[in-house]
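Residue strings, one per chain:
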Amino acid sequence: MPRNQLAKQHHVRQLGPPPEATERPTLVLAHGFGCDQHIWAPVADMLAEEHPVVLFDHMGCGRSDMTAYDPKRYTNLFAYAEDLANLVKELELDRPILVGHSVSGAIGWLASIGAPDLFRQVIAIGPSPRYINDPPDYIGGFEEQDIHEMLDLMERNHFEWAGYLAPIVMAAEDRPEKSEDLRQTFLNADPVVSRRFAESIFMSDIREYLHQVTVPSLILYSDQDVIVPIEVIEYLHRTIPNCDIRKLQATGHYPHMSNPEAVADAILEGLRIEA
Amino acid sequence: MKHDVDHIPGGLILLDGSNTITAVNQTLCDWLGLSKQDFLGHAPETRMTRASGMYYLGHVLPSLRLHGRVEEVLLSFSNAAGKDLSVMLSATSCPKPEDGFQVLVIPMQRRNLVEEQLQQARKTAEQAVAAKEEALQEVRAMAHELEERHKELARLNSQLEQLATQDALTGLNNRRVYEREIEIHLALFRRSKLPFALILADIDWFKQFNDRFGHDTGDQVLKEVGQCLSAGMRDVDTLVRMGGEEFALILPNTTLEDAALVAERKRGEIEKLNSRHGTVTLSLGVAAARNGDTKSDIYGRADRSLYKAKSQGRNQVCMS
């Protein structure tokens, strides 16, 4: 494999000081479902003032290389975890800290099980090991029916963006923000790929693996998170061996968008800086 | 334009930058049977169905923040009575310097029915395609199985062919092979004048031997004689058990004299065979192909020679 192949495939961008120029740990920011690395923009800039920051797109999202997307492979979270581990290795990062939003928290934990020294810490924002309720003992927040309804919604809303309409719309309307970047994001929003990602996320159940997670973990959560109820956070807190939780001064499932300062501060305060 | 947005035929929601509702118009409240206080200070997804809330958070909000607008998104709000209201939602960023979004929702209950039917139809079509694909796979699997069976059949046929041309007791060729080979050699002889010879061999006193020692012993002798005859034969030669105690040897490219030498050698070898039941001897008649021979001509000459060998005292070779 040529050097930097994965970095190219995942559209890696590095901000802040070069990792080799500072003692501070590198932060790898991993986006969640439905978005790409852009979601981190304000938080990433704040973190990059002091830390090396690595941004990337999960395969099939954002500006990742669609030609490298293998539909047979990306049917569960382990493929994404493997990608993440390989990417960290290719970039030769020295035990970085993973900051994973939503599903990327789970992906980070899965990656850490296979390689316990991969990360020095996993900071998960609004993570969940299983979204579907499993009565009587587990509350995930959703019924399976909800998930199917959401997949149907995705299908209905994305159907018209399936390849051919997006460029027409983009060409027909004169918008200031019509950049190649935006166009690319639309083109990459392949509804089939998005749906598969949604299925592998919302049908996932990684509860049985949590006790194997040895990496120090910090969970950041917020009020009014419709995706992840507080019961899930509590479940993770008592199940993952080495795990702290911390409530953010923010609401909703996207605190890094709604209140980037609070998230950046919480990340910086929660860092385990080792000698 | 001065207008009362509270009662326009569309729902209007204003969000601040952190996705919190700061204003909502009366129309939306009426549709959902909620008061403005039920909205204010909350996130919009808290008033949606769970699936729509997920979709809003997973797709709509990120897209709105990323691109500053979303258009024609289908999703559902939940009303006070727990019934769903399907809407089409469009939103844009508020004009600067305000930080937030303005969201317009239009009910589309009727439109929604059409959409649902379309989606259902598409799913049915997809299932049909999948079923077709499955059927195709099945046909392929059957074709494969058929091919396998053909191979098996060919194998069985070749086994059958072997059985049909083999003498079960001695493992030598049977008379069918003699009939085929003699024709082939006569045809070759007619065309290319390649000489060939036929030796008929018959075990002496075999009937008496059988009567005295029993059939099992007789069979044993037949096997031993067969093995002895086949030892040292060329690939092109054909050894056949004609039936009973009679054997035939077809020797291509061989003159009468050479064939007689072979016959004599075999006679000596059989005589020396140390059978448990005493000495076994062989009488042999040799003939070589002549112009105009039919298969009964050459067989007849060899047979007469064999008869001669028998009548002259057995354990000898005669030729003609």
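Looking at an unreviewed UniProt entry, one finds chain A named Sigma factor SigB regulation protein RsbQ, with Marinobacter maroccanus as its source organism. Taken verbatim from the UniProt record of chain A, the Sequence similarities (unreviewed entry) comment is "Belongs to the AB hydrolase superfamily."

Colleague: Is there a simple way to explain the overall build of chain A in this structure?
Modeller: Check the secondary structure of chain A and you find 11 helices and 7 strands. Out of the 275 residues in chain A, the part that is buried amounts to 56%. Partitioning the intrachain contacts of chain A with sequence separation of at least 6 by distance along the chain shows that 77% fall at a separation of at least 24. When the accessible area of chain A is evaluated, it comes to approximately 11600 Å², of which 50% is carbon and sulfur surface.

Colleague: Teacher, can you tell me more about the overall build of chain B here?
Modeller: Along its length, chain B carries 9 helices and 10 strands. Here the C-alpha atoms of chain B give a radius of gyration of 50 Å, more than 25% beyond the 20 Å that 2.2 N^0.38 yields for 320 residues. With respect to the three principal axes, the spread of C-alpha positions in chain B is 140 × 45 × 35 Å. For chain B, the proportion of its 320 residues judged to be buried stands at 42%. Pairs at least 24 residues apart make up 53% of the contacts formed inside chain B by residues separated by at least 6 positions. Accessible surface, chain B as shown: approximately 17700 Å² in total, 53% of it carbon and sulfur. For chain B, the distance from the average position of its 40 positive side-chain charges to the average position of its 44 negative side-chain charges is 6 Å.

Colleague: I'm lost on the pattern of salt bridges in this one. Help?
Modeller: Residues and elements named next belong to chain A. One pass over the structure, following the stated rule, counts 31 salt bridges over all chains. When the shortest N-O distance is used, the salt bridge between Asp 134 and Arg 207 registers 2.7 Å. Of the two residues, Asp 134 is situated in the loop between strand S5 (121-125) and helix H5 (144-158) and Arg 207 in the loop between helix H8 (191-202) and strand S6 (217-223); the sequence distance between them amounts to 73 residues. Judged by relative accessible area, Asp 134 falls into the partly exposed class, the value being 28%. A single network of salt bridges, built from pairs that share partners, joins Arg 130, Asp 134, Asp 205 and Arg 207.

Colleague: So what exactly am I meant to see when it comes to the packing of helix H5 (residues 175-192) of chain B against helix H9 (residues 295-311) of chain B here?
Modeller: All names here are of chain B. Their axes nearest at 10 Å, the elements H5 and H9 cross at an angle of 110 degrees. When the axis of H5 is compared with that of H9, the two are roughly perpendicular. Residues Tyr 178, Glu 179, Ile 182, Glu 183 and Leu 186 of H5 pack against Lys 295, Ile 298 and Tyr 299 of H9. Taken together, the residues of the contact of H5 with H9 break down into 5 nonpolar, no polar and 3 charged.

Colleague: Help me understand the interface of chain B and chain A in this model?
Modeller: A common way to report how large an interface is uses the accessible area buried once the components associate. If you look at the interface, chain B gives 33 residues, while chain A gives 35 residues. Linking chain B to chain A there are 2 salt bridges. The salt bridge partner of Arg50(B) is Asp146(A), with a shortest N-O separation of 2.8 Å. Linking chain B with chain A are 4 residue pairs in polar contact (both at pLDDT 80 or more).

Colleague: Please clarify how the environment of Ile219(A) should be interpreted in this entry.
Modeller: Residues and elements named next belong to chain A. Along the chain, Ile 219 falls in strand S6. Judged by relative accessible area, which is 0%, Ile 219 ranks as buried. For the pair Ile 219 and Pro 42, spaced 177 residues apart in the sequence, the C-alpha separation amounts to 20 Å. Ignoring any residue separated from it by four or fewer positions in sequence, one finds Ile 219 in contact with Trp 109, Ala 124, Pro 127, Ile 233, Leu 236, Cys 243, Asp 244, Ile 245 and Arg 246.

Colleague: Can you help me understand the sheet that holds strand S7 (residues 238-243) of chain B in this one?
Modeller: The strands that make up a sheet are held in pairs by hydrogen bonds between backbone atoms, and each pair lies either parallel or antiparallel. Residue and element names in this part refer to chain B. If you trace the 5 strands from one edge of the open sheet to the other, you get S7-S8-S6-S9-S10, paired in mixed fashion. In this open sheet, the two strands that pair with only one neighbour each are S7 and strand S10 (317-319). Across this sheet, the average inter-strand angle for adjacent strands is 20 degrees, counted without regard to direction. In terms of strand pairing, strand S6 (residues 196-203) meets strand S9 (residues 282-288) through 7 bridges, oriented antiparallel. Considered in S9, the bridge of Ile 203 is made with Leu 282. Where helix H8 (residues 256-272) meets the sheet, its contacts fall on S6, strand S8 (246-252), S9 and S10, and the angle it forms with S9 comes to roughly 170 degrees. Sheet strands in contact with H9 are S6, S7, S8, S9 and S10, and its direction is about 145 degrees off that of S9.

Parameters and conventions
Residues numbered from 1 in each chain as written. Chains lettered and ligands numbered in written order. Predicted model: local features only at pLDDT ≥ 70, side-chain atom pairs only at ≥ 80, totals over all residues. Heavy atoms only, no water. UniProt positions renumbered as here; feature names shortened; annotations may be inferred. Helix = DSSP H or I, 4+ residues; strand = E, 2+ residues; numbered from the N terminus. Buried < 20%, exposed > 50% of the residue type's maximum accessible area, 1.4 Å probe, protein only. Contact = heavy atoms within 4.5 Å. Areas by Shrake-Rupley, 256 points an atom, 1.4 Å probe, with all protein chains shown as cover. Rg over C-alpha atoms; globule rule 2.2 N^0.38 Å. Lys, Arg positive; Asp, Glu negative; His and termini not counted. Charge placed at Lys NZ, Arg CZ, Asp CG, Glu CD. Salt bridge = Lys/Arg side-chain N within 4 Å of Asp/Glu carboxyl O. Axes fitted to C-alpha atoms, helices over the stretch in contact; angles between N-to-C directions. Parallel < 35°, antiparallel > 145°, perpendicular 65-115°, else oblique. Nonpolar A, V, L, I, M, F, W, Y, C, P; charged D, E, K, R; others polar. Polar contact = N/O pair within 3.5 Å; in protein donor to acceptor, adjacent residues only side chain to side chain. Pairing = 2+ DSSP bridges.

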